[in-house]
Amino acid sequence: MKCLTILGSTGSIGTQTLEIVRAYPQEFEIFSLVAGTNVTLMEQQVREFRPKLVVMKDESTSADLSERLKDVERKPEILFGMEGYIRAVTAEPVELVVAAMVGMIGLRPVLEAIRHDKDIALANKETLVCAGHLIMKEARKHRVRLLPVDSEHSAIFQCLQGLPEGPFEDGIPVARWEDGSGEKSGADGGETDFPIETIFLTASGGPFRKATATQLEQVTVDQALAHPNWSMGPKITIDSASMINKGLEIIEAKWLFNVPLEKVHVLVQPKSIIHSMVGFRDGAVLAQIGSPDMRVPIQYALMYPERRYLDDERLDFEEIAQISFEKPNTDVLRGIPLATESARIGGSMPTVMNAANEFAVKNFLQKRLPFLQIYGMIEYAMEQHTVIPDPSLEDILEAEAWTYRLLEEKL
């Protein structure tokens with residue numbers, strides 16, 4: 001039985017993770033559930049899954065939860081804040097941490113979990129976008145497994161199974177590439193015989209893939225939240241609409257699979273049937289194909305390397321008839337070039353880009369900012385920032401805070 005902590009148990013990934021735990025009660029034990037402010041859902045989860053530790057965002061929500069659970073015979077320990085988050089991921093019984101909290105708040109708990117030798121099922125893009133150099137260094141040092149939960153990165157990971165070298169190097173999933181000239185090297189410049197040539201990240205294109213800039217000037221929150229294929233939380237759904245999520249995923253792939261940015265290509269695949277592909281040096285391309293259901297990559301990460309039954313809609317290929325591809329509309333949906341530019345600059349710039357996006361999305365959802373100004377806020381913050389070349393965790397957190405102060409003033 002595998003012992004889990006779920007960071008973000010009341011969110012989209014967290015609730016779907018618990019669906020899998022519910023389906024395989026003999027396989028998993030929930031040690032800790034961690035959430036923000038959704039006390040009502042947390043109460044339901046505690047009553048069903050009986051964790052030993054529960055952590056809420058602040059003192060008031062933890063007190064509310066404690067009051068609601070006063071009739072529970074074996075009430076869990078209830079904590080709040082960052083100290084509680086770290087307790088939840090570093091406790092001795094925990095074997096796997098599902099990192100599903102949205103935003104930078106998940107960075108410190110993930111780092112601490114790795115330093116305490118816990119494997120990570122990683123669904124938090126920001127962790128690698130802002131601190132990939134720190135995360136990968138600690139992962140190699142402690143030889144923990146980083147198991148991708150994002151559908152695209154899980155697809156890449158699945159395509160790497162069965163290779164002679166295996167999908168792991170020093171405990172972490174890794175791909176390497178060949179540039180076609182016979183010169184073989186990884187992202188760090190080291191020699192390698194790994195046969196990867198290209199990684200293809202697929203994207204649905206979101207609700208605005210055919211939109212013009214003029215049309216986007218009048219976009220409403222409801223329109224931006226109307227994703228054509230996936231059911232996700234609001235922040236990730238807006239990131240999909242702006243295509244910033246695909247830029248974040250390029251950076252994530254760079255770190256997770258040890259490939260240079262220019263070897264990661266984005267293709268729009270509107271039906272979200274092909275979740276990503278890996279091109280090899282002999283010209284072969286492997287694709288992971290399936291229904292757009294996040295439970296598939298979640299379950300694969302939880303049960304790796306096993307494949308177990310999942311009650312999921314099966315594809316009817318005769319019904320599909322054809323699968324088409326498009327180039328992303330980066331002239332209008334500028335999330336990809338903004339994110340990749342921040343990664344090329346490096347240092348603290350990806351943190352500023354990510355924080356600016358978080359700020360802008362939050363204010364767009366609150367109807368304080370028009371959709372196209374998501375890009376404007378990101379550009380402004382990047383222009384104003386003085387890069388820290390090799391940021392520490394403290395530098396990263398301060399760069400995030402600086403970005404929020406800057407943009408609040410501008411707004």
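Refer to the structure printed above.
Residues numbered from 1 in each chain as written. Predicted model: local features only at pLDDT ≥ 70, side-chain atom pairs only at ≥ 80, totals over all residues. Heavy atoms only, no water.

Draft legend 1. Structural detail: the overall build of the chain. Scanning the chain from terminus to terminus reveals 17 helices and 15 strands. Its C-alpha atoms give the chain a radius of gyration of 21 Å, near enough to 22 Å, the size a compact globule of 411 residues would have. Overall size of the chain, expressed as C-alpha extent along the three principal axes, is 65 × 55 × 50 Å. Per-residue burial over the chain gives 58% buried out of 411 residues. A separation threshold of at least 6 residues defines the contact pool for the chain, and within that pool the share at least 24 residues apart is 69%. Approximately 17500 Å² of the chain is accessible, and the part contributed by carbon and sulfur atoms is 48%. The averaged location of the 60 negative side-chain charges in the chain is 2 Å from the averaged location of its 42 positive side-chain charges. (Helix = DSSP H or I, 4+ residues; strand = E, 2+ residues; numbered from the N terminus. Rg over C-alpha atoms; globule rule 2.2 N^0.38 Å. Buried < 20%, exposed > 50% of the residue type's maximum accessible area, 1.4 Å probe, protein only. Contact = heavy atoms within 4.5 Å. Areas by Shrake-Rupley, 256 points an atom, 1.4 Å probe, with all protein chains shown as cover. Lys, Arg positive; Asp, Glu negative; His and termini not counted. Charge placed at Lys NZ, Arg CZ, Asp CG, Glu CD.)

Draft legend 2. Representation of the packing of aromatic side chains within the structure. Applying the stated criterion across every chain, the model contains seven aromatic pairs. With 6.2 Å between their ring centres and 65 degrees between their planes, F157 and Y300 make a pair best called edge-to-face. Note that F157 is positioned in helix α7 (residues 151-159) and Y300 in helix α12 (residues 295-303), a separation of 143 residues in sequence. Relative to F371, the ring of F364 lies with its centre 5.6 Å away and its plane at 70 degrees, an arrangement referred to as edge-to-face. Exposure remark for F364: the relative accessible area of 2% places this residue in the buried category. Residue classification places F371 among the buried positions, given a relative accessible area of 1%. A network of ring pairs unites the aromatic residues F208, F364, F371 and Y375 as a single cluster. Over the face of the ring belonging to W255 we find K254, whose NZ or CZ atom lies 3.6 Å from the ring centre. When the ring centre of Y380 is taken as origin, the NZ or CZ atom of K410, which lies over that ring, is 4.3 Å away. (Phe/Tyr/Trp six-rings, centres within 6.5 Å; stacked < 30°, edge-to-face > 60°. Lys NZ or Arg CZ within 6 Å of the ring centre and 35° of its normal.)

Draft legend 3. Representation of the pairing of strand β5 (residues 96-99). Every second residue of β5 is oriented toward a common face, with L96 and V98 on one face and V97 and A99 on the other, all of them buried. The pairing of strand β1 (residues 2-7) with β5 spans four bridges and is classified as parallel. If you follow I6 over to β5, its bridge partner there is V98. Pairing analysis gives four bridges linking β5 to strand β6 (residues 119-122), with the strands arranged parallel. For L96, the partnering residue across the bridge sits in β6 and is D119. For the handedness criterion, the β-α-β arrangement of β5, helix α5 (residues 107-115) and β6 is classed as right-handed. (Pairing = 2+ DSSP bridges. Right-handed = clockwise from strand over helix to strand, strands pointing away.)

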